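Single-letter residue listing:
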Number of protein chains: 2
Amino acid sequence: MDNYLAFFTLLGSILALGFALLQAKKVLKFDEGNERMIKLSGSIREGAMAYLTRQYKILIIFFVGMFVVLSIMAFFKLLTPFVPFAFITGGFFSGLSGFVGMNIATRANARTANACQEGLNKGLRVAFSAGSVMGFTVVGLGLLDISIWYLLLKMVFHLNLSDLTTTMLTFGMGASSMALFARVGGGIYTKAADVGADLVGKVEAGIPEDDPRNPAVIADNVGDNVGDVAGMGADLYESYVGSILSSCALGVIAFENSAALQVSAVAIPMAMAAIGVVASIFCTFLVKTGESIDQATLLKALRRGTNTSAISIAVIAFPLVYFVFGMEYIGLYFAIIAGLIAGVLIGFFTEYFTSDTYKPTQKLAGQSETGAATIIIGGVSLGMVSVAAPIVIIAICVMLAYGLAGGFSNGALGLYGIALAAVGMLSTLGITLATDAYGPIADNAGGIAEMAGLDPEVRRRTDALDSLGNTTAATGKGFAIGSAALTALALIASYVSKVQQIGGDSIKLDMSVMNPAVLVGIFIGASLPFIFAAMTMDSVGKAAQSIVVEVRRQFHEIKGLMEGEADPDYTKCVDLCTKASLHEMISPTVLAIVTPIVVGLVLGYNGVIGLLAGATATGFLLAIFMANSGGAWDNAKKYIEAGHFGGKGSDAHKAGVVGDTVGDPFKDTSGPSINILIKLLSMVSIVFAGLVVTFHIF
Amino acid sequence: MDNYLAFFTLLGSILALGFALLQAKKVLKFDEGNERMIKLSGSIREGAMAYLTRQYKILIIFFVGMFVVLSIMAFFKLLTPFVPFAFITGGFFSGLSGFVGMNIATRANARTANACQEGLNKGLRVAFSAGSVMGFTVVGLGLLDISIWYLLLKMVFHLNLSDLTTTMLTFGMGASSMALFARVGGGIYTKAADVGADLVGKVEAGIPEDDPRNPAVIADNVGDNVGDVAGMGADLYESYVGSILSSCALGVIAFENSAALQVSAVAIPMAMAAIGVVASIFCTFLVKTGESIDQATLLKALRRGTNTSAISIAVIAFPLVYFVFGMEYIGLYFAIIAGLIAGVLIGFFTEYFTSDTYKPTQKLAGQSETGAATIIIGGVSLGMVSVAAPIVIIAICVMLAYGLAGGFSNGALGLYGIALAAVGMLSTLGITLATDAYGPIADNAGGIAEMAGLDPEVRRRTDALDSLGNTTAATGKGFAIGSAALTALALIASYVSKVQQIGGDSIKLDMSVMNPAVLVGIFIGASLPFIFAAMTMDSVGKAAQSIVVEVRRQFHEIKGLMEGEADPDYTKCVDLCTKASLHEMISPTVLAIVTPIVVGLVLGYNGVIGLLAGATATGFLLAIFMANSGGAWDNAKKYIEAGHFGGKGSDAHKAGVVGDTVGDPFKDTSGPSINILIKLLSMVSIVFAGLVVTFHIF
């Protein structure tokens, strides 16, 4: 049965990739609009591609270096020989996901703007179809990577399921490293350009957003693509693959006494993923709208797709688990459902705290009336208090998934249940990612409409789509954070069993929080998300400062620029952002890779376990805090702009702009990168487990 | 020997209290200055006393309520019958420490201003002597409470050392509750008044700080006393007593096989405290300065006192440990020294990140040039990255204290070592607290000098003293946070042994981070400091808003106010602040008391252990982040005011003021309260251990 299973997964992969291809063709059939639009879209694409090319060049050095390190470790039997190759493929597919998604996004931006000339629904269709390309590419490549390796290790190398799943788990490290580079680099790029463009353009020169006279405007639009599209693609590829692989690994451990049940345990996460693909594909056809720009109506159109998809999966999963495992283990089904529901709930609370249709953000907007200081204090406080709901949801989800799976009589089963909850949460990824990735496309379309001087009605339509994108992005972040926490917990469990597997009887596991190594590990781990967030925020600041200087220079030196008689030098800003962000992405990622190794060598595997637990807990909290504070500030500003508390140009609005600018690196650079950080820490620990078990001080 | 010991501690207590009395008499001998100064000082004292009286009235209800709850629990044998009484005395002495400190501080403010008319050194002597009253009252009352209970339980009730120490530990809960109320209430008061006065006075009306025309100016000065003096006194009383009691309790456990060694184990922390008193008293005489207002010279004057005190204690502790324990356990001495050094190092790094004589704050000041948003991002990033050094220091300190005490062969000894490290860190409290408490007195003196229209030279002198106070306050915060983390760890260990003691063989301790109850506990615990910080910041915002409205009203309605022809209604603002802060202090404290009980009833004692570990780790990090961000913003503003980046009135300065205002609740309300929070959580858990062991779901 287990070979059929891999083919079934492969089939899911082919379906997803085929659907992505069809959607891409559909998007490309649309017209790009007039010459100016084509040129603008071309410039954005060029800038984005130039960035990615240079990023990949740097990353090749990193990946080759790591390949050599891992090969040496494999030579000394600290790793299986497959790991270096698995590492490379994980990184490659993660990068490819981002590349494909960004490629189509940069081709869809002008097409969306042009479609909006004809109507809102057409614009939504183009942007959403392009978003689907991204969504299904991520899912498809993830399943492709998994099924090929599965078949290879099983049929060519004849590994048993236990070795097979633990080997496959390690290619998560490649995917995570790639994702972290992409998220951090892209995140710095997009916010440096955004902040830089705003600080000089909007605040100092007083020209509107996306004004073609602003030298940083193309860089700003490039940023949406390299950060919000390519970065997010790599990120979610990693989440998706990580959740499936950790479930497989824990499933094999949970059923170590029965080879048949081990096969079933591996079957469930893979089949869930494949089913998710099918359900998501069907549900994309439910996404359509009328011509009203009312946000509630638009949101309903998208939610129809995602909710139907979630419900279908919940329904199909029951017979699946029953068929594979029988009634005895039906609790596993409820573990999956716990994850699915937790994801939806976290998404809802994210929306509640960040959308201006709810009280918290409206109240925050009101705090702008007493100045920038009070809206900042209010936003920080809003973000910090907003962790309460997700933490309770995750707490309940973990206890339920663990208990329902049977963890209280067999701990390993419980951990498998937690991993399955993450799979359940991410099973709708194809379509949720589509609704998420469409946002930056609509944002870009708005920019092009503005720069090409299209009818204001077009901009109104793209703005409606963009604004909706902010809401779906918030929900998407909720999913990403929630699944990251669950997957990270599953990975800690995988680490523990990896250590036991490597060290055998020599292992003295003492994971008690009263073991000082664990305790100190928790402290150090808990500090990592703080330090990491500080580094990435600082990088945005530095990169933005260089843009500010350049934009000021161009305003001064290029004659006739402000009068619209001369063109600014867009490429200079694009170039600066590229250089700065690529330079700045290195140290945070190195921190994430080096710390667990160093801590392991000093404090041993018990210390590493503490480190991972500490990092997961604070990482989860800090990610939610930063994402929600940032989202709320953004929407509070929009709420003021919509005419509340004095509207555009008032003192309250100025305070709102300060809040929004502070929120930019919070929500788009540091916050989302923390999700990847916590998983990369676990992945690195797993890959270097052999080294740490062999050498450590305490 | 053990009775002599208690008498020795009692002697230390009497020495400390006697010295405090002498210092108080010395302060009162100085002249209060002219009539206006006497009147101003009187108004401040009146406001402060009115606040404390009303606070105590509310707290009596709380303490009586808790007394009843605890008595009922004692009736059902869930507690020993001493606990309700111990709870009350802990709260009483904690409150008394704050009361005495504040009483003398409000009498020393005008005297300091008056002394500054004659010279800087005289001003320093008055303010520092008043600070010493506070320092030695805290230490003296702490030792008094400990020695009286010790003698009572030992000689009247004949408890054995094990029951005695665990009983005494529970009066920490009274002290912690009192401290949290005082810190939160006082912190909200002081910042609401400060922010409210600044927002309308400085920003809107354009009048200088401490201008007598500002209706909130007296409330602002009252705030310094109720927050920075009374709040801090209660806070450090709790830290001091907590560290000594947890060491005693863990010492008795560590040496459970030898009654003689148990006595020694209890002797060490008590004797260390008594020695600390003597060393601190002598070193206060080293604090004097010349007439130069140069900060480095002034700082040297204070540091001469604190450093000599630390070195003397380090020297005397060696023969002490040798005499009490012999060479076999001399490692305990090094555990104490590890704590002492860690405290000094954390203090240094706090100063490094927050003082404008170092790069980080200077760089932060520069970020004001691109506006409020960049200085906010920069400050958040500075605060977050500043956790790195303290976390490494605490990590090394914990490993050293554990290892040197012999933890790797006997875990209980290691935990005793960690507790002793906290005692070592706090042994110099008498004098460090004096250098800390003198700051708000100098601040008040400056306010009085300004309002009474004294010679600008006087204000320059009080400003120099105040500015120095900011630096010592930063160092003091480092100590408070560091010792809180160590004490909290010791309290977790005490909790574990308490649970074992109560439940006996029925206890199934599984403190592994892979136990879902522990894991979920860690997650919930880690979220508490975030939620708590959000609540307290929000309270400051709400209370400040009410002050803003009132100050605006008075500016409008009182004719001739701005021309100096009519007096504002100070008492209205004082009253508003009092009401608001007393109202707002309730919910955060209730959260701290209820959560560990609820989590315990649901997740059991294993869940509580996770909760405490999670809360301690993030609490430590968040406290440092918030204190350092706030301190750096404050000093960055001062750095700009000193003439950098355009100086006073420039755009950079405006941005700096925004940063400072955001930092106010960070550093003076939320940050310092978190230290108490993490200890109160442990204390509540310990007191309610009987309930949780008897009833719990998982």
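Conventions we followed
Residues numbered from 1 in each chain as written. Chains lettered and ligands numbered in written order. Predicted model: local features only at pLDDT ≥ 70, side-chain atom pairs only at ≥ 80, totals over all residues. Heavy atoms only, no water. Least-squares fit on C-alpha atoms with pLDDT ≥ 70 in both. Contact = heavy atoms within 4.5 Å. Buried area = accessible area lost by both parts, 1.4 Å probe. Salt bridge = Lys/Arg side-chain N within 4 Å of Asp/Glu carboxyl O. Helix = DSSP H or I, 4+ residues; strand = E, 2+ residues; numbered from the N terminus. Patch = residues over 30% accessible without salt bridge, like charges linked within 9 Å, V, L, I, M, F, W, Y side chains within 5 Å. Areas by Shrake-Rupley, 256 points an atom, 1.4 Å probe, with all protein chains shown as cover. Buried < 20%, exposed > 50% of the residue type's maximum accessible area, 1.4 Å probe, protein only. 1 Å grid on protein atoms, 1.4 Å probe; cavity = no way out; pocket = protein on both sides within 12 Å on 5 of 7 lines; lining within 4 Å. Points joined across faces, edges and corners; volume = space filled by probe spheres on them. Nonpolar A, V, L, I, M, F, W, Y, C, P; charged D, E, K, R; others polar. Phe/Tyr/Trp six-rings, centres within 6.5 Å; stacked < 30°, edge-to-face > 60°. Expected span 1.5 Å × (residues − 1).

K.L.:
What is the right way to read the relation of the copies chain A and chain B from this model?
P.N.:
Here two copies of a chain appear, and what relates them is a rotation about an axis with a shift along it. Rotating chain A by 180 degrees and translating it 0.0 Å along the rotation axis places it on chain B, where the RMSD comes to 0.0 Å. Accordingly, the operation relating the two chain copies is best matched by a two-fold axis. In terms of proximity to the rotation axis, the leading residue of chain A is serine 512 of chain A, whose C-alpha is 2.1 Å off the axis. In this assembly, 100% of the residues forming the interface of chain A have copies in chain B that are likewise at the interface, indicating an isologous arrangement.

K.L.:
Sorry if this is basic, but what is going on with the interface of chain A and chain B here?
P.N.:
Size of an interface: often given as the accessible area lost when the parts come together. At the junction of the two partners, chain A supplies 66 residues and chain B supplies 67 residues. Carbon and sulfur atoms make up 86% of the area that chain A and chain B hide from each other, which totals about 5,800 Å². Together, Met514, Phe523 and Phe530 of chain A form the three largest contributors to the area buried by chain A at its contact with chain B, with a combined 13%. Linking chain A with chain B are two salt bridges. Here aspartate 538 of chain B and lysine 363 of chain A are joined by a salt bridge, their closest N and O atoms 3.8 Å apart. Looking at the side of chain A that touches chain B, the elements that each hand over two or more residues are helix H12 (372-385), helix H13 (388-404), helix H16 (456-503), helix H17 (516-557), helix H19 (586-641) and helix H20 (651-687) of chain A.

K.L.:
How should a nonpolar patch on the surface be read in this particular structure?
P.N.:
Nonpolar side chains collect at one region of the surface, where Phe408 of chain A together with Ile586, Val590, Val594, Val598, Leu601, Val602, Phe695, Ile697 and Phe698 of chain B lie side by side and expose about 860 Å² of accessible area between them. Mapped onto the secondary structure, valine 594 of chain B falls in helix H19 (residues 586-641). Note on valine 594 of chain B: relative accessible area 38%, which makes it partly exposed.

K.L.:
Whenever I open this one, the environment of alanine 234 of chain B confuses me. Can you help?
P.N.:
Residues and elements named next belong to chain B. With respect to the element layout, alanine 234 can be found in helix H7 (residues 217-254). Placed 238 residues apart in sequence, alanine 234 and threonine 472 show a C-alpha to C-alpha distance of 18 Å. Once residues lying within four places of it in the same chain are set aside, the contact partners of alanine 234 are Ser94, Gly98, Ala179 and Ala182.

K.L.:
Help me out: how do you make sense of the layout of surface pockets in this one?
P.N.:
One water molecule sets the probe size; rolling that probe over the atoms shows where empty space is left. A volume near 540 Å³ is recorded for the second largest pocket. Considering the residues around the second largest pocket, the lining is formed by 27 residues, among which Asp510, Met514, Asn515 and Pro516 of chain A together with Tyr402 of chain B are closest to the centre. Mapped onto the lining of the second largest pocket, the elements with two or more residues apiece are H17 and H19 of chain A together with H7, helix H14 (411-426) and helix H16 (456-503) of chain B. Split into classes, the residues belonging to the lining of the second largest pocket amount to 16 nonpolar, nine polar and two charged.

K.L.:
How should unusual backbone geometry be read in this particular structure?
P.N.:
Note: most peptide bonds trans; most residues except glycine with negative phi. All names here are of chain A. Unlike most non-glycine residues, histidine 158 shows phi in positive territory, near 55 degrees. Relative accessible area serves as the criterion here: at 62%, histidine 158 is assigned to the exposed category. Unlike most non-glycine residues, phenylalanine 645 shows phi in positive territory, near 50 degrees. Within the secondary structure, phenylalanine 645 sits in the loop between H19 and H20. Owing to a relative accessible area of 32%, phenylalanine 645 belongs among the partly exposed residues under this scheme.

K.L.:
Quick question: what am I supposed to make of the packing of aromatic side chains here?
P.N.:
One pair of aromatic rings is described through two measures. These are the centre distance and the angle between the planes. All names here are of chain A. Counted under the stated rule, the structure contains 57 aromatic pairs over all chains. Ring centres 6.0 Å apart and planes at 75 degrees place the aromatic pair phenylalanine 19 and phenylalanine 285 in the edge-to-face group. Pair noted here: phenylalanine 19 is in helix H1 (residues 2-29) and phenylalanine 285 is in the loop between helix H8 (259-284) and helix H9 (295-325), with a separation of 266 residues, a long-range link. Looking at phenylalanine 19, the relative accessible area reads 7%, which means it is buried. Residue phenylalanine 285 is classed as partly exposed on the basis of its relative accessible area, which comes to 43%. Counting every residue linked through ring pairs, the aromatic cluster contains Phe348, Phe349, Tyr352, Phe353 and Tyr358.

K.L.:
I tried to follow helix H18 (residues 570-584) of chain A on my own but got confused; where do I start?
P.N.:
Counting along an α-helix, one turn takes 3.6 residues, and residues three or four places apart therefore face a common direction. Residue and element names in this part refer to chain A. If you check H18, its first and last C-alpha atoms are 21 Å apart, about what 15 residues at 1.5 Å a residue would give, namely 21 Å. Restricting attention to buried positions, one finds in H18 the residues Tyr570, Cys573, Val574, Cys577, Thr578, Ala580, Ser581, Leu582 and Glu584. In this structure, the buried residues of H18 make contact with helix H2 (35-75), helix H6 (171-205), helix H7 (217-254), H17 and H19.

K.L.:
I tried to follow the side chain of serine 94 of chain A on my own but got confused; where do I start?
P.N.:
Residue and element names in this part refer to chain A. Structurally, the position occupied by serine 94 is in helix H3 (residues 83-118). Given a relative accessible area of 0%, serine 94 falls into the buried group. Apart from the residues lying within four places of it in its own chain, the contact partners of serine 94 are Ala175, Met178, Ala179, Ala234 and Tyr237.

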